[in-house]
Amino acid sequence: MKFIHISDVYLGFAPDSGREWSEDRQKEIRQTFLDILKDCNEKEVQLLLIAGNLFAETPSVEDLQWLDEALLTLEHTRTLLLAGYSDPITPGSALEQFKFESKTVVFPAGKTTNAYLKGVNTCVTGFSYRKGEESGRILEGIEPGRAGSFNILLANGGMKGHMPFRKDVLAAKGFDYVALGGVHKPTHLLKNRMAYSGSPEPLGPADQGKHGYILGEMNETENGTETKIIWCPAAKRSYVTLTFDLKPEYSGVDFVKMAEEKMAKLGNKNIYSIVLRGFATELEHRDFSRLNRRFDVLSVQDQTLSVKEEQLLEKENASNLIGGFMKSVSENFSVNEDTREKARRYGTEALLKALNKNEKL
């Protein structure tokens, strides 16, 4: 039996609100979901497991009509849909009353429900949210629903306020696979048996790294059920943070050229956050307009110090740990100049951060 496991699609969400690419991202999130449905057909998948947060908020009738039409394109696949904390099944909501024409099972809110699929001898157990928060340890009390079949737990949570659980407790339940949602980054908790699929598309700058879905297969063997899962990339874009170590002799033109070359290699479909570090000239001498015209730049964090600021910092802190550190590193000739500069810069930054947090130095 083959399945695809997704979660945290957030249909309707437009990341990076106010940016010129925000509306495009909203469309890309929807298109990536449609592309996954195509993969279901091409890979002849029997089950599509949606572990919550399919929508960015509780869906309307129009949202569900669109979803139903999309799911009707599935040729071999039945859909198991769980409502998560972003799209709960509230009393009287459209999702509570909507009748799907597609082969879709929606788990009701507020109770544990088993869905047995005879054709593939699989029992999927789930518990949908009825509000945006479910703080109880609900998942730890759920048992496999049917002996003699493949047993899957479809769940959304694992965090405070969102059905928290202990991994060892859930693993001991004996499910052949636990399909988790609620976390945007793909995370493998127990080899081939328990995983977060992560969001198919990154939803903000914190969602760095690859995004996609999980493709799994279950088979009966002499030793019982064997489950194997692989992760499949699907995202059309990535959030990338680039850190540039600048030196005082770098001009604004030098930096822009260096940034353009790096970003061109990584691709112009990424959404970039730029961090400037080191000792360099003032920010106002740098022109970022060329980068913004060519690439999607979400933010620029200037953490540099000018030569004057560096000298002033060392002078003002001559009698404390910061000044002592800066002086000792500068006079350490056992390493080359470049290494001294980096050690001095990173160490000074760390000490300044500690000071800002009122930590004892």
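Heads up: these notes are all about the structure in this document.

Basis of the calculations
- Residues numbered from 1 in each chain as written.
- Predicted model: local features only at pLDDT ≥ 70, side-chain atom pairs only at ≥ 80, totals over all residues.
- Heavy atoms only, no water.
- Helix = DSSP H or I, 4+ residues; strand = E, 2+ residues; numbered from the N terminus.
- Expected span 1.5 Å × (residues − 1).
- Buried < 20%, exposed > 50% of the residue type's maximum accessible area, 1.4 Å probe, protein only.
- Contact = heavy atoms within 4.5 Å.
- Salt bridge = Lys/Arg side-chain N within 4 Å of Asp/Glu carboxyl O.
- Arc of directions from axis to C-beta.
- Polar contact = N/O pair within 3.5 Å; in protein donor to acceptor, adjacent residues only side chain to side chain.
- Pairing = 2+ DSSP bridges.
- Axes fitted to C-alpha atoms, helices over the stretch in contact; angles between N-to-C directions.

## A closer look at helix 1 (residues 22-42)
Here is step 1: In this model helix 1 runs 30 Å from its N-terminal to its C-terminal C-alpha over 21 residues, within 8% of the 30 Å that 1.5 Å per residue would give.
Here is step 2: Along helix 1, the residues classified as buried are Ser22, Arg25, Glu28, Ile29, Thr32, Phe33, Ile36, Leu37, Cys40 and Asn41.
Here is step 3: Its buried side turned inward, helix 1 meets strand 1 (2-6), strand 2 (47-51), helix 2 (61-71), strand 11 (212-221) and strand 14 (271-278).
Here is step 4: A positive backbone phi angle near 50° is found at Glu44, which sits one or two residues after helix 1.

## Some thoughts on the pattern of salt bridges
Here is step 1: Scanning the entire structure with this criterion turns up twelve salt bridges.
Here is step 2: Of the charged contacts, one joins Glu28 and Arg25 as a salt bridge, the two residues approaching to 2.6 Å between their closest N and O atoms. Here the residue Glu28 and the residue Arg25 both occupy positions in helix 1, the gap between them amounting to three residues, near one helical turn. Here Glu28 matches Arg25 in class, with each residue buried.
Here is step 3: Glu28 is the partner of Arg237 in a salt bridge, and the nearest nitrogen-oxygen pair spans 3.1 Å. Taken together, the positions of Arg237 in the loop between strand 12 (224-233) and strand 13 (239-246) and Glu28 in helix 1 put the pair 209 residues apart, joining distant regions of the chain. In terms of burial, Arg237 and Glu28 fall into one category: buried.
Here is step 4: Among the charged side chains, a salt-bridge network with shared partners connects Arg25, Glu28, Glu201, Arg237, Lys269 and Asp296.

## Points about helix 2
Here is step 1: Considered for burial, the residues of helix 2 that qualify are Leu64, Leu67, Asp68, Ala70 and Leu71. All buried residues of helix 2 lie within an arc of 160° about the axis, which places them on one face of the element. Opposite the buried face of helix 2, by more than 90 degrees, sit the exposed residues Glu62 and Glu69.
Here is step 2: Where helix 2 is buried, its residues contact helix 1, strand 2, strand 3 (78-82), helix 3 (94-97) and strand 4 (104-106).

## Remarks on the side chain of Lys173
Here is step 1: Note on placement: Lys173 falls in the loop between helix 4 (167-171) and strand 8 (177-181).
Here is step 2: A distance of 2.6 Å separates the side chain of Lys173 from the backbone oxygen of Glu140, its partner in a polar contact.
Here is step 3: Here the side chain of Lys173 touches Glu143 through a polar contact of 3.0 Å, side chain to side chain.

## With respect to the side chain of Asn151
Here is step 1: Along the chain, Asn151 turns up in strand 7 (residues 150-156).
Here is step 2: Within the local environment of Asn151, its side chain forms a polar contact with the backbone nitrogen of Gly145, the two atoms lying 3.0 Å apart.
Here is step 3: When sequence neighbours within four positions are dropped, the list of residues in contact with Asn151 reads Cys123, Pro144, Gly145, Arg146, Phe175, Asp176 and Tyr177.

## Observations regarding the sheet that holds strand 11
Here is step 1: One open sheet holds the six strands; their spatial order is 4-3-2-1-11-12, and the pairing between them is mixed. Two strands lie at the open edges of the sheet, namely strand 4 and strand 12, each paired on one side alone. Strand-to-strand, the axes of this sheet are offset by a mean angle of 20°, without reference to chain direction.
Here is step 2: Pairing between strand 3 and strand 4: three bridges, direction parallel. The residue of strand 4 that forms the bridge with Thr79 is Thr104.
Here is step 3: Of the strands in this sheet, strand 1, strand 2 and strand 11 touch helix 1, which is tilted by about 170° from strand 1.

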